[in-house]
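Architecture at a glance
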Amino acid sequence: MQAFDGLITLIVFLPVIGAAAVAIAGREQMLVRRIALGAMILDLLLATYAWLSYSANGPIVEQLGQYGTDPWIPGVNASYLLNIDGLSMPLVFLTVLLGVVAVLGSWHVKERVREYHVWLLLLLTGVQGVFVAGDLLLFFLFWEVELVPMYFLIAMWGSGHREYSAMKFVLYTLFGSAFMLVGVLALRFAIGSFDMSAMTLAGQEDTLRVAFLGLDAIFLMFLAAFAIKLPVWPLHTWLPDAHTDAPTAVSVLLAGVLLKMGGYGLIRINVGMFPGEMEQWAPLLVILSVVSVLYGAAVVFRQTDLKRLVAYSSVSHMGLVLLGVASLGAVSVTGAALQMFAHGTITGLLFLVVGIIYENAHTRHIPDLGGLISRMPVVGAVFVFAGLASLGLPLLSGFAAELMVFLGSFDAYPWQTAFAVLGIVLTAGYILWTVERVLLGPLKERWQSVKDASPADFVAMALLVLPIIIVGVYPALVADVFRDTVTLLVGGG
Amino acid sequence: MNWALLLPGYLVTGLAFGAFTLDLIVPRLSRTVLVYGGAAVMAAIAVFIILSSDGESSRFAGGILIFDTYSVFFFAVFVILAAVTILGSSQFVSAIDSPGEFVALLMMSAVGAMGMAAAGELITAYISLELLSFSLYILASYTWKERRTNEAGMKYILLGAIASAFLLLGITYIYGLTGDTRYDQVASGLSALSPSPGLIIALAMLTAGLGFKVAAVPFHMWTPDVYEGAPIPITAYLAAASKAAGFALLIRLVAVALEPVALFWDWVFILLAVLSMMLGNLVAILQSNLKRLMAYSSIGQVGYLLLGIAALGADDPTKPIAGMLLHSVSYAASTMVAFMVLLAVWQQTGKEGVRDMAGLARRNPFLALALTGALFSLAGFPFFVGFVSKFYLFTVVATAGARFLVPVGIAIFASLISLYYYLNIVRQMYIEQPEDGAEAIRVSRTMWLLILGLLLAIVAGGLYVRPLAEAAESAAASILAGA
């Protein structure tokens, strides 16, 4: 299948069109939901089409104007350049898929429904833009633009200390992006335009030179931005707050795709453009990743709030992404990318299930729950499924990803990898313990009338269960696509 | 002498005198005619100015006024800003005794601003500046019966007079050193000089005088009080047009007349820039009155623009000039939107505090949306013109030399700080509940259209800035070509 002109633009901006339609749709709540859902399903079809086109014809590139002669913004030589290559494709697909899930998972939102969906759709455009930007200015633009919808979604529809958490999220990310902006400017002077492929080329050929600050400083500035987003211990503290207080669908997107922006940036920019510096700093990053894995997993045991628990497990799992990236082998980096995809679906599913439990039981306090499986068989079964996927059960996607990361990193960092594998043991421990405390045991009196998943919830869960199984059984489907680009960036096979 | 060159100035002046005269002979002048008619004619003049621009550089009377693309660019900007302000003051005008005078003074101030952009000679620049300042002294204290306005107006005049004295003294020194006041002659005179105490005094005086006019730290003390005391349309005009006029003068002065000493003096501008952006943005966090908050935020914006002035000593000053033109237009448009929303709220409630914006999204979603857009644009957030212009400015300044990297880094952090307090206002509007009994806010059709038009402009500029950037670049090139 041949990609048509404007396909990427359409995929990225379809949610904006949906948001505009929602904004003028009037007060009818059902209509608003249907428009948002329709837009995202259409987007999912387009993304599938793009994937087919990618498998048939390779990367898709779209550009308006030219660098130098006909730029989008003259003077600074930026251009409207979007591309989908092997690294972007699965992540774009993941974003759109989670977009559909998020709209379905928001079926229970009753307050200011129209505004909610407008922000949700705008958020999706911002995240997709990050994954497809081929121009560093555009990348930065999308990176920033995602903040505003996120702030409102948490601060207005969240729970608990929502305003505090939303502000904390914004300030952390802004702090990182201020560093990144300096890095963006420095790369612009080195290359003369914002063309990311030219920057990658210069980086790979070791001809990238930055005046004044030096490459190391620029590398660290990008690293700071992405490490906050990923997040890496000790920069992770915004994450539990944001996750806990965000509404369900937003938690799904936050864990599912927003964290992946950090991993994507690490691979695309830190690995792709600064291979020399990456090699130099890798040992430190590996240690940080192992700390993230173990710390995240250990802290999970102390959590009594279900959402906070899943949030810390995210910190642990994203540590594995960093481990894979920092090991710098084609296998380990592909494994890291696959782990991002797998974690997106698995943790997305976990948050969705937790959200459904909260919606029906009105609490996430683990000691208060128990025995829910007898009243919520479907939700309970999916919870167990997601938990097993999260702890890396073979034939589910998490296993394939973790295996690739460990295989790839073991050669370079045997001891560190061994410690990280310990994290898997901890994960198995806390997942099973949580399942026991929430689902099993005697049913408490107050949960007699708890309801199971609604049809919308059911469809949303099914949409995430499927890719977990498919990728688990046949990981090459996604891994090969990632590998196409990863081998270009890390070099060798 | 080609008198036809003065036509744009004559047209606006003629319009101003027309308004004065009408006020005298028609005691009950229809405000509608005055406001809508005045704004319409001003808009027509702006269109005429743009259309009649032939891209050539003409010098009037041996170069005391220079009519090049740069002048045309600013003429159009000032006339449009004056027209917007006149439209925005439609309700204010109905409440005062001499509406004709008010509108006429606004027009005269635009003439002064135009002169500042076109001036190619120090005395002409000074006279134009005074024409602008005197109009503003009166306009800012128009509601003088109000205590805080009275105090602010007095402060403005006294400090303004001192600043003018500094400026004149600086001009005198420059004349003494070079024997001329025309910019190009001053430049050739200065290039023959080596740094001397006299030169330093001259530059320091000029910097202090003009620093006051554009409200750069440490010459900013008048700004918060005057912004707070002046009627809101005038505050908007002060923030948007008067500041742009100060830069119009400063850019040509530094790029042409002071070009030989620009590298020698750039550290002063860097210092002022860093002080302005840090102090402006930090103190803005503490403000509870929105007009004061905007005053401090405008001081921060001056800091960014001053970085461009500092970069004029670079090998190719075209890009920094274009960056400043772009950012001053983008800033003017965004700040206008913000003040117009403030005005709409104030006209109904009489309140202008940050907390009074609570729940604005429920009381009038359109105003809340417009103010959000304006504030994001001011903060330099993507997809608004403020992002593009700020990014353009920072990029070209940072390219001008390695010594600018640290100041640009500081500027980026200052922008972050600004996002914090802008976001705070947005939070008030969208998340806080309106006070009990707070009613919906109505907007007149004129204001609605005006705000919508400006809002669309700042969004359009953010998505596709090329036409504006190219206009700014050709304007920038024309100053240097004419020199």
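Residues numbered from 1 in each chain as written. Chains lettered and ligands numbered in written order. Predicted model: local features only at pLDDT ≥ 70, side-chain atom pairs only at ≥ 80, totals over all residues.

Considering the overall build of chain A
Cut-off, in case you're wondering: Note on conventions: DSSP H or I runs of at least 4 residues are helices, E runs of at least 2 residues are strands, and numbering of each starts at the N terminus. Once C-beta atoms are placed from the backbone, each residue is buried if 20 or more other C-beta atoms lie within 10 Å of its own, exposed if 12 or fewer, and partly exposed for counts between those two. Here, residue contact means that the backbone-derived C-beta atoms of the two residues sit within 7 Å.
Secondary structure summary: chain A contains 19 helices and two strands in total. Here the C-alpha coordinates of chain A stretch approximately 70 × 60 × 45 Å along the principal axes. Across the 493 residues in chain A, those meeting the buried criterion constitute 63%. The contacts of chain A with a sequence gap of at least 6 include a subset with a gap of at least 24, amounting to 80%.

Considering the overall build of chain B
Rules: Two things to know: the radius of gyration comes from C-alpha atoms, and the globule rule equals 2.2 Å times the number of residues to the power 0.38.
Of the regular secondary structure elements, chain B holds 20 helices and two strands. Expected size for 483 residues packed as a compact globule is a radius of gyration near 23 Å; at 21 Å, chain B falls within 12% of this value. With 483 residues in all, chain B has 62% of them scored as buried. Within chain B, counting contacts between residues at least 6 apart in sequence, those at least 24 apart form 81% of the total.

Considerations on the nonpolar core
Residues and elements named next belong to chain B. As a reminder of what qualifies: Think of a nonpolar core as buried Ala, Val, Leu, Ile, Met, Phe, Trp, Tyr and Cys residues chained together by C-beta atoms that fall within 7 Å.
In this structure, Phe 78, Val 79, Met 107, Val 337, Met 340 and Val 341 are the most contacted members of the largest nonpolar core, which totals 407 residues. A per-element tally of this core places helix α11 (residues 232-257) first, with 20 residues. In contact with Val 79, not counting residues within four places along its chain, are Val 12, Met 42, Ile 45, Ala 46, Ile 49 and Ala 110.

Description of the environment of Leu 64 of chain A
Residues and elements named next belong to chain A. Inspection of the secondary structure puts Leu 64 in strand β1 (residues 60-64). Residue class for Leu 64 comes out partly exposed when judged on the 13 C-beta atoms lying within 10 Å of it. C-alpha separation for the pair Leu 64 and Ser 79, spaced 15 residues apart in sequence, amounts to 7.0 Å. Once you skip the residues sitting within four places of it in the chain, Leu 64 turns out to touch Trp 72 and Tyr 80.

Focus: unusual backbone geometry
Along the chain, Leu 230 of chain A connects to Pro 231 of chain A via a cis peptide bond; the corresponding omega equals -10 degrees. Mapping Pro 231 of chain A onto the fold places it in the loop between α9 (215-229) and α10 (238-245).

Considering the interface of chain A and chain B
Keep this limit in mind: For this classification, the nonpolar set comprises Ala, Val, Leu, Ile, Met, Phe, Trp, Tyr, Cys and Pro, the charged set comprises Asp, Glu, Lys and Arg, and every other residue, Gly included, is treated as polar.
Each partner contributes to the interface: chain A provides 22 residues, whereas chain B provides 29 residues. When contributions to the side of chain A that touches chain B are tallied by element, the ones reaching two or more residues are α5 (136-145), α6 (147-157) and α7 (162-191) of chain A. It is α7 of chain A that contributes the most residues to the side of chain A that touches chain B, nine residues altogether. Classifying every residue of the side of chain A that touches chain B by side-chain character gives 18 nonpolar, one polar and three charged.

Points about helix α19 (residues 445-463) of chain B
All names here are of chain B. The following threshold applies: Expected helix span is computed as 1.5 Å times (number of residues minus one). Working note: the arc is built from the helix axis to C-beta atom directions.
For α19, which comprises 19 residues, the first-to-last C-alpha distance of 27 Å matches the rise-based estimate of 27 Å (1.5 Å per residue) to within 8%. Those residues of α19 that fall on the buried side of the exposure criterion are Met 447, Leu 450, Ile 451, Leu 454, Leu 455, Ile 458, Gly 461 and Gly 462. Seen end-on, α19 carries its buried residues on one side only, within an arc spanning 125 degrees. Of the residues in α19, the exposed ones pointing more than 90 degrees away from the buried face are Arg 445, Leu 449, Gly 453, Leu 456 and Leu 463.

Some remarks on helix α7 (residues 147-178) of chain B
All names here are of chain B. Taking 1.5 Å per residue, 32 residues should reach 46 Å; α7 reaches 46 Å between its end C-alpha atoms and fits that length. All buried positions along α7 are accounted for by Thr 149, Ala 152, Gly 153, Tyr 156, Gly 160, Ala 163, Phe 166, Leu 167, Gly 170, Ile 171, Ile 174 and Thr 178. Next to the buried residues of α7 lie α6 (122-140), α8 (183-191), α9 (197-214) and α10 (222-229).

Focus: the confidence of the model for chain B
The predicted coordinates ought not to be read in detail in places where the model reports low pLDDT. This is how it is decided: pLDDT expresses, on a scale from 0 to 100, how confident the predictor is about each individual residue.
On average, chain B scores 90 in pLDDT, and the residues at 70 or more come to 99%. Helix α4 (residues 90-94) of chain B is the least confidently modelled element of chain B, averaging 85 in pLDDT, while helix α13 (residues 290-310) of chain B averages 95, the highest of any element.

Description of the packing of α7 of chain A against α10 of chain A
Packed helices, taken two at a time, are described by their axes: the angle between them and the distance between them. Residue and element names in this part refer to chain A. We apply this condition: Whenever a helix is involved, its axis is fitted only over the stretch in contact; in every case the axis is a line through C-alpha atoms, and angles between N-to-C directions fall within 0 to 180 degrees. The cut-offs work like this: below 35 degrees is roughly parallel, past 145 is roughly antiparallel, 65 to 115 is roughly perpendicular, and the gaps in between are oblique. In this scheme, a crossing is called left-handed if the near helix is turned counterclockwise away from the far one by less than a right angle; it is called right-handed if the turn is clockwise.
It is the contact of α7 with α10, at a shortest axis distance of 9 Å, that shows an interaxial angle of 135 degrees. Considering their axes alone, α7 and α10 lie oblique with respect to each other. Viewed along their axes, α7 and α10 form a crossing whose handedness is left-handed. Only Trp 238, Asp 241, Ala 242 and Asp 245 of α10 make contact with α7, whose side of the interface consists of Arg 162, Ser 165, Lys 168, Phe 169 and Tyr 172. Looking at side-chain class alone, the contact of α7 with α10 contains four nonpolar, one polar and four charged residues.

Let's talk about the packing of helix α3 (residues 88-105) of chain A against helix α14 (residues 330-361) of chain A
Residue and element names in this part refer to chain A. In the contact formed by α3 and α14, the axes pass within 10 Å of each other and the chain directions differ by 5 degrees. One way to sum up the angle between α3 and α14 is to call them roughly parallel. Contacts from Pro 90, Leu 94, Leu 98, Val 101 and Gly 105 of α3 reach α14 at Phe 341, Gly 344, Gly 348, Leu 352 and Gly 355. For the contact of α3 with α14, the class distribution of residues is six nonpolar, four polar and no charged.

Some words on the environment of Tyr 331 of chain B
Position of Tyr 331 of chain B among the secondary structure elements: in helix α14 (residues 318-349). It is 8.5 Å that separates the C-alpha atoms of Tyr 331 of chain B and Val 385 of chain B, two residues lying 54 residues apart in sequence.

Some details on the environment of Leu 403 of chain A
Residue and element names in this part refer to chain A. By the element assignment, Leu 403 lies in helix α16 (residues 397-410). Residue classification places Leu 403 among the partly exposed positions, given that 17 C-beta atoms sit within 10 Å. C-alpha separation for the pair Leu 403 and Leu 147, spaced 256 residues apart in sequence, amounts to 33 Å.

Observations regarding the confidence of the model for chain A
Model confidence for chain A is summarised by a mean pLDDT of 88, while 98% of its residues fall at 70 or above. Across chain A, element-level confidence peaks in α3 of chain A with a mean pLDDT of 93 and bottoms out in β1 of chain A with 85.

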